[in-house]
Amino acid sequence: MTSSEASPPAPLERFDPSRNHFERLGLAPAVALDREALESAYLERSRRVHPDRFVTADAATQRLAMEHAAAVNEAYQVLRSPLRRAEYLVKLGGIDLDSSDAGTGAPKPTQAFLIEMIERREGLEAATEAGLEALEDLADELADEREAIVDAAVKALESGEVAKAAEALVHARYLARLADEIENAKESAA
Amino acid sequence: MSDLRSANTLFQISEPDAGNELDRREAGRAIGIDLGTTHSLVAVAPSGAEPRALADAQGEALLPSVVSYADSTPLVGSEARAQLVESPQSVLVSVKRFMGRGSEDIDFDHPYALAPGEGQARFEVGGREVSPIEASAEILVALKRRAEAELGHEVRGAVITVPAYFDDAQRQATKDAGRIAGLEVYRLLAEPTAAAVAYGLDRGGQGLFAVYDLGGGTFDISILRLRDGVFQVLATGGDSALGGDDFDRAVASALLEDAGVSAPSPSQRQALALEARRVKEALSEAERCAVSVPALGIETELSRERFEALIAPWLKKTIRACRSTLKDAELRATELDGVVLVGGSTRVPAVRAAVEDFFGRAPLTDLDPDRVVAYGAAITADLLSGSKREGMTLLDVVPLSLGLETMGGIVEKIIPRNATIPIAARQVFTNYSEKQTGMSIHVVQGERELADANRSLARFELKGMPSLPPGMARVEVTFQLDADALLTVTATELMTGVQQRVEVKPTYGLGDEEVDRLVMESLDHAGEDFAARALAEERVELGRVVLAVRTAYDEMGSIEGLLPESERAPLVAALEGAEAAMQDASIDDAKAIKRARESLEKSSEAFARRRMERALRAGMEGQSLAEIEAALAEEDKLERRRGGHGAETIESEGPQS
């Protein structure tokens with residue numbers, strides 16, 4: 001496992017906190033990201049900036065490596081998930097789903113959607129009483145639906161309709177919460 | 001220490017090379033330590049060499065993780081284990097299960113007395129309190145010494161392995177133990193990741209592997225992706241309180257139930273535990289095994305079939321964790337390229353069968369499951385010492401989500417479980433009123449929705465917020481997890497750019513001051529520490545003798561014939577001298593205290609002997625039974641008060657009457 005000339009690590013560049021996650025990994029912003037390109041970009045950058053490569057360097061360099069590595073990991077965390085990636089693109093497009101600001105925050109769901117959610121909660125209660133199998137069915141159904149919503153958001157993003165994508169993603173968040181509740185109910189039923 | 005407690009010093013890190021002199025690493029001189037529940041070991045792989053475990057003088061590489069406080073100096077290893085049945089409450093086994101845990105978390109059977117109080121659970125042994133962190137440090141010191149003896153140079157740097165599923169408090173406790181043992185902990189390495197490194201799984205190019213690690217007290221399952229020298233943990237899961245110990249306990253309680261014993265004594269319990277462990281190990285080879293616990297009158301036999309039925313619930317729990325971890329990694333069992341078994345408990349055939357059944361393939365077992373973790377630690381230690389070793393990169397994850405308690409006790413997750421470390425999360429807090437100058441934040445770790453149901457990590461106060469209209473003060477708090485998955489907190493007020501003071505109070509673990517004190521004691525003042533302990537022990541001894549002699553003198557010193565005038569003056573002088581020595585806290589020489597005790601013992605010997613003779617004579621002179629009983633009771637009463645000291649003196653005189 002020895003290597004005669006362990007190459008000294010390439011010096012780290014200055015840390016630029018204003019870079020977005022795509023820039024951080026050297027990728028072009030895209031809704032449909034090539035998974036393979038993402039993985040190899042992530043591994044290549046991780047190898048380069050990981051703090052373990054700088055164990056004998058001075059404290060400032062170690063701190064810098066930590067900053068770079070944490071940012072690379074965060075970018076990977078967001079971009080690898082199609083849902084989180086879509087949310088992030090919406091954010092880059094000017095709508096922050098984590099904010100309740102009337103202008104730039106998450107759009108409010110329609111009344112019809114909220115009524116639908118109430119009905120679905122009742123559906124969950126009924127399924128909980130019916131037992132594990134009914135819960136499994138509900139979970140499968142919901143999984144398909146969530147995938148369809150993310151697909152719709154991706155399509156909207158591809159055609160530049162950020163507001164439409166944001167609306168779909170807000171719905172996806174409600175459904176995600178419902179999915180968590182179904183999982184909890186499944187665990188208690190098992 | 002870049003941990004949560006000293007977080008408020010983080011800002012100073014950018015000072016040029018602050019403290020770097022201390023941190024200089026010596027390439028190729030670091031050791032890898034597997035600090036296990038039942039045994040520990042140390043391995044080295046200097047400057048790119050293949051790893052090897054270091055053995056003791058008897059050729060034994062595995063050091064039982066047992067620390068005895070039965071004597072004045074702690075003993076570690078098999079010597080400590082030999083005292084287990086005799087001193088069941090002073091010999092600490094499986095301390096790893098107590099690391100970073102409060103007494104309210106200890107929900108398994110153990111024979112120890114835990115000291116009252118909050119925070120880190122502590123044992124009461126031999127009249128003092130010992131934290132599991134200190135006991136672990138004793139084990140680490142033993143391994144460090146072994147390595148130094150073998151390598152012929154001082155050892156400072158170490159990689160210590162921890163269960164992947166250890167939370168922040170448990171990791172912090174382990175790191176503190178390393179510091180107390182005089183080690184600079186380069187990394188807390190997850191045990192399954194260490195095993196993957198030892199197997200060199202990266203050398204086969206690309207692949208997906210599961211590492212199933214069942215040790216004495218902990219269980220981990222990690223899913224790793226290996227590619228071009230990068231070990232990337234995709235997901236990890238497990239149970240930091242499930243292991244081979246539980247198999248032993250299941251066997252022990254079945255044996256107890258069969259024998260109809262409901263309340264065994266601590267020493268019976270330890271004897272039973274040792275036998276249960278032996279039987280478990282024997283049943284890995286044999287179909288049946290004879291069981292013998294004379295202390296409990298147990299003579300029976302256990303079949304492998306019955307054993308497997310007893311441990312089935314635990315196995316099921318591990319497989320359930322495998323299933324959910326695969327799901328977290330978004331993989332199916334069939335997509336894996338291999339499964340690796342680690343940990344002594346994977347020798348149990350039923351464990352292997354369960355793993356093979358779930359993953360649908362025969363597991364890899366080429367490397368000794370007891371040593372593979374230490375090998376991986378040694379390789380990593382060598383790499384992190386700055387040695388010229390072919391580069392590999394370890395991308396590990398945090399096993400449990402990190403969250404903040406919000407209104408109504410609900411947790412808001414800020415770093416999800418299985419996020420690759422190091423990682424940071426930022427959260428902006430605002431003020432409710434102009435008068436508000438601070439706020440308190442509670443950090444928890446776990447997956448549950450309510451803060452109370454998770455592990456409390458720390459509470460801290462943000463102080464010195466500027467006085468601004470409601471909602472205008474914006475404090476950005478950064479939660480940084482380092483490569484050891486340890487948390488650091490920093491805060492900045494965004495409007496004014498003022499850095500906030502963060503005072504963090506960890507819920508478990510030792511306080512910073514206590515760790516510093518223990519480090520000082522063990523490192524710089526090893527000699528003084530020993531002297532202080534010797535002094536304290538001598539003082540206890542002297543106190544016992546003084547009390548016994550004083551009581552006897554006051555109650556019986558004037559009885560005719562017991563204390564001749566020629567003896568009275570020297571006895572009183574010795575007694576008063578000893579009492580003065582007890583009072584005088586400035587005496588710091590153990591030998592002086594010992595001399596006072598010996599002088600008192602010598603001048604009161606004859607007095608003690610005569611008192612005993614008088615009691616015996618009372619019996620021989622044909623007195624009434626009631627009188628003899630009264631005399632004996634009187635002696636007995638005195639005997640109890642002086643803690644048996646007088647009796648020892650008389651025995652050493654041989655038969656006198």
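The following refers to the structure shown. Here the structure is a predicted model, which is why all the values come from computation and not from measurement.

A few words now on the overall build of chain A. Along its length, chain A carries seven helices and zero strands. Reading the helices (α) and strands (β) of chain A from amino to carboxyl end gives α-α-α-α-α-α-α. Counting across all 190 residues of chain A, residues that qualify as buried make up 40%. Taking all contacts inside chain A whose residues are at least 6 apart in sequence as the whole, residues at least 24 apart take part in 65%. Carbon together with sulfur atoms contributes 51% to the accessible area of chain A, which is approximately 10300 Å² in total.

A word on the overall build of chain B. A tally of regular secondary structure across chain B gives 15 helices and 26 strands. Here chain B holds 657 residues, and 55% of them are scored as buried. Partitioning the intrachain contacts of chain B with sequence separation of at least 6 by distance along the chain shows that 68% fall at a separation of at least 24.

This brings us to the sheet that holds strand 21 (residues 423-430) of chain B. Two modes of strand pairing occur in sheets, parallel and antiparallel, and in both the strands are linked by backbone hydrogen bonds. Sheet architecture is open: three strands sit in the order 21-24-25 (chain B), paired in antiparallel fashion. Edge positions in the sheet fall to strand 21 and strand 25 (487-493) of chain B, since each has one partner strand and no second. Neighbour to neighbour, the strand axes of the sheet diverge by 20° on average, direction disregarded. The sheet contact formed by strand 24 (residues 474-481) of chain B and strand 25 of chain B spans seven bridges and is antiparallel. The residue bridging V475 of chain B from the neighbouring strand is E493 of chain B, located in strand 25 of chain B. Running over the sheet, helix 3 (residues 59-79) of chain A touches strand 21 and strand 24 of chain B and is turned about 85° from strand 21 of chain B.

Let us look at the pairing of strand 17 (residues 338-342) of chain B. All names here are of chain B. The element strand 17 is extensively covered by neighbouring structure, given that five of its five residues are classed as buried. Side chains of strand 17 alternate between two faces, with G338, V340 and V342 and V339 and L341 buried alike. Bridge analysis of strand 12 (residues 207-214) against strand 17 gives five bridges, and the strand direction is parallel. Note on strand 17: the bridge partner recorded for A210 is V339.

All names here are of chain B. In this model helix 6 (residues 266-282) runs 24 Å from its N-terminal to its C-terminal C-alpha over 17 residues, within 8% of the 24 Å that 1.5 Å per residue would give. Those residues of helix 6 lying buried are Q270, A271, L272, E275, A276, V279 and K280. Looking at the buried positions of helix 6, the neighbouring elements they touch are strand 7 (91-93), helix 5 (244-259), strand 15 (288-293), strand 16 (298-303) and helix 7 (304-328).

Conventions used here
Throughout this description, residue numbers start from 1 for each chain and increase along the sequence as written. The order in which chains are written sets their letters, starting at A; the order in which ligands are written sets their numbers, starting at 1. Restriction of local features to residues with pLDDT of at least 70 applies here, the model being predicted, together with a cutoff of 80 or more for giving and counting side-chain atom pairs; totals for whole chains, interfaces and linings are based on all residues. Excluded from the side-chain calculations are hydrogens and water; all other atoms, namely the structure's heavy atoms, are used. Every helix listed is a DSSP run of H or I at least four residues long, and every strand listed is a run of E at least two residues long, numbered separately from the N terminus. The buried label applies to any residue whose accessible area, calculated with a 1.4 Å probe on protein chains only, is under 20% of its type's maximum; exposed applies above 50%, and partly exposed to all values in between. We call two residues in contact when some of their heavy atoms are within 4.5 Å. Throughout, the Shrake-Rupley method with a 1.4 Å probe supplies accessible areas, and for residues the shown protein chains are the sole cover considered. What makes two strands pair is DSSP finding at least two bridges between them. The angle between two axes is taken between their N-to-C directions and runs from 0 to 180 degrees, where each axis is a line fitted to C-alpha atoms and a helix contributes only its stretch in contact. In this scheme, a helix's expected span is set at 1.5 Å multiplied by one less than its residue total.

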